[in-house]
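Chain residues, written in single-letter form:
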Amino acid sequence: MASIETVQGPVDAAELGVTLIHEHVRFRDEGVAEQWPGCYDDEAEMQAALEQVNNAAEHGVKTIVEPTAMFGGRDVEFMRRVCDQTGVRLVPCTGIYTYDYLPHYFANRSEDQMAEHFVADIERGIQDTGIKAGFLKCAADEPGVTPNIEKVHRAVARASIQTGAPIMAHSRPASETGPRQLEIFVEEGVDPGKVQIAHTGDTDDLDYIERVLDTGAWIGLDRYGLEMFLPMDRRNATTLELLRRGYADRLFLGADFCATIDWFPQEAAEGLVEAGLIRPDWSMTLVFEQVLPKLREEGDFGDETFQRVFVDNPQRWLTS
Ligand SMILES: [Zn+2]
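Residues numbered from 1 in each chain as written. Predicted model: local features only at pLDDT ≥ 70, side-chain atom pairs only at ≥ 80, totals over all residues. Heavy atoms only, no water.

1. A word on the overall build of the chain
No. 1: Scanning the chain from N- to C-terminus turns up 12 helices and 11 strands.
No. 2: The principal-axis extent of the C-alpha atoms belonging to the chain is close to 50 × 45 × 40 Å.
No. 3: Each of the 320 residues in the chain was classed as buried or not, and the buried ones make up 57%.
No. 4: At a minimum sequence separation of 6, the contacts of the chain that also span at least 24 residues come to 78%. (Helix = DSSP H or I, 4+ residues; strand = E, 2+ residues; numbered from the N terminus. Buried < 20%, exposed > 50% of the residue type's maximum accessible area, 1.4 Å probe, protein only. Contact = heavy atoms within 4.5 Å.)

2. Re the packing of helix 9 (residues 232-244) against helix 11 (residues 286-298)
No. 1: Between helix 9 and helix 11, the shortest axis-to-axis distance is 10 Å and the interhelical angle comes to 55 degrees. With respect to helix 11, the axis of helix 9 lies oblique. Where helix 9 crosses over helix 11, the two elements pack in a sense that is right-handed. Between helix 9, through M232, N236, T239 and L240, and helix 11, the contact on the second element is made entirely by L286, Q290, V291, K294, L295 and E298.
No. 2: Taken together, the residues of the contact of helix 9 with helix 11 sort by class into five nonpolar, three polar and two charged. (Axes fitted to C-alpha atoms, helices over the stretch in contact; angles between N-to-C directions. Parallel < 35°, antiparallel > 145°, perpendicular 65-115°, else oblique. Left-handed = near helix turned anticlockwise from the far one by under 90°. Nonpolar A, V, L, I, M, F, W, Y, C, P; charged D, E, K, R; others polar.)

3. Quick word on the pairing of strand 1 (residues 3-6)
No. 1: Where burial is concerned, the two faces of strand 1 differ: the one with I4 and T6 is buried and the one with S3 and E5 is not.
No. 2: When strand 1 meets strand 2 (residues 9-12), the two strands line up antiparallel, connected through four bridges. Bridge assignment links T6 to a residue of strand 2, and that residue is G9.
No. 3: Connecting the antiparallel pair strand 1 and strand 2 is a turn made up of two residues. (Pairing = 2+ DSSP bridges.)

4. Brief notes about the side chain of T177
No. 1: Within the secondary structure layout, T177 lies in helix 7 (residues 177-187).
No. 2: At 2.9 Å, the side chain of T177 and the backbone nitrogen of R172 are in polar contact.
No. 3: When neighbours within four sequence positions are excluded, T177 is seen to be in contact with A140, D141, G144, S171, R172 and Y208. (Polar contact = N/O pair within 3.5 Å; in protein donor to acceptor, adjacent residues only side chain to side chain.)

5. Looking at the environment of A255
No. 1: In this structure, A255 sits in the loop between strand 11 (251-253) and helix 10 (266-274).
No. 2: With a relative accessible area of 0%, A255 lands in the buried category.
No. 3: Taking C-alpha positions, A255 is 19 Å from Q47, a pair spaced 208 residues apart along the chain.
No. 4: Not counting residues within four places of it along the chain, the set of residues in contact with A255 comprises H22, E23, D222, R223, Y224, L226, W282, S283 and V287.

6. Brief notes about the nonpolar core
No. 1: Ranked by size, the top nonpolar core spans 82 residues in total, and within it L253 and F310 carry the most contacts.
No. 2: Every residue in contact with L253, bar those within four places of it in the chain, is listed here: I21, L221, D222, Y224, T239, V287, L292, L295, F301, V309 and F310.
No. 3: Core analysis: the next-biggest nonpolar cluster, separate from the first, contains 20 residues, L16, I21, A139 and W218 among them. (Core = buried A, V, L, I, M, F, W, Y, C linked by side-chain atoms within 4.5 Å.)

7. Things to note about helix 6 (residues 147-163)
No. 1: Taking 1.5 Å per residue, 17 residues should reach 24 Å; helix 6 reaches 24 Å between its end C-alpha atoms and fits that length.
No. 2: Those residues of helix 6 not exposed but buried are I149, K151, V152, H153, R154, A155, V156, A157, A159 and S160.
No. 3: In this structure, the buried residues of helix 6 make contact with helix 4 (104-107), helix 5 (111-123), strand 7 (135-139), strand 8 (167-170) and helix 7.
No. 4: Looking one or two residues beyond helix 6, the residue adopting positive phi is G164, at roughly 85 degrees. (Expected span 1.5 Å × (residues − 1).)

8. Notes on empty space enclosed by the protein
No. 1: Applying the stated rule across the entire model yields one cavity of 30 Å³ or more.
No. 2: Each pocket or cavity is described by its volume, and for the largest cavity that value is around 50 Å³.
No. 3: Every residue lining the largest cavity is listed: V25, R26, E66, T68, G73, R74, D75, F78 and M79.
No. 4: Residues of the lining of the largest cavity, tallied by class, amount to three nonpolar, two polar and four charged. (1 Å grid on protein atoms, 1.4 Å probe; cavity = no way out; pocket = protein on both sides within 12 Å on 5 of 7 lines; lining within 4 Å. Points joined across faces, edges and corners; volume = space filled by probe spheres on them.)

And the structure:
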């Protein structure tokens, strides 16, 4: 069977085991962290990451797909320490996480020149470590697919064509970005079966979701706990309906949890929880502790479906 690149090196796809498809061991702006390191507590960040990953391991998780790209503070040495101390594998990515902005460096270079950077991460290794990226990442959000976002998508597509690496695309269903993102990949010659449209579960508009699925792409129902986008009961109803419609082999469940994230000062982050916009139990284990019991209670989510969603699908997408 094909092998998959992880922080610990290539592994046989069959060995991935129970896999979380979209969780972050740390999310912070590398520019701010580089310029004002005193605003960050590296040790506390490491402890938070270890706690979350160890908790996930207690639920049988063997591998976590970690989609932190440029502007999320991707740091494979940090990831390597998490792996070493937990025994859990991480699959790192390459790409750019932006909703529009590009640094002058990339604004003044072509799609092909941008793609060369992604290819280097996939073929030679990330940040001079020899740790290779297992997939490509890009994003489209509220501003939509702007010229800069289109450029990143084309670069990601070309790197995928060149290397065979699959693609995870952050999307915003409220702006209907998914179909447009797929259109660009297809124009570049990418098979939609290699593409995962992350955050598709932020909507319960089944017509929209099926428009994405009908292309042959994968979807992430991967933001459980982020009530601001869609509350849990509506996420569950959507998941169960998609299972009823036979899409168990095209979807992923997750929380898009960040063991630490620097987007808000602490009071504001606590305010989001108090206001009910983020669940207080948002975590890497939320899916196991709150979601799966409900899915089993309210519908049909047996062992076979679990195996498909948490073991087979990650292998199939990562080796697609
Ligand atoms: Zn994410």
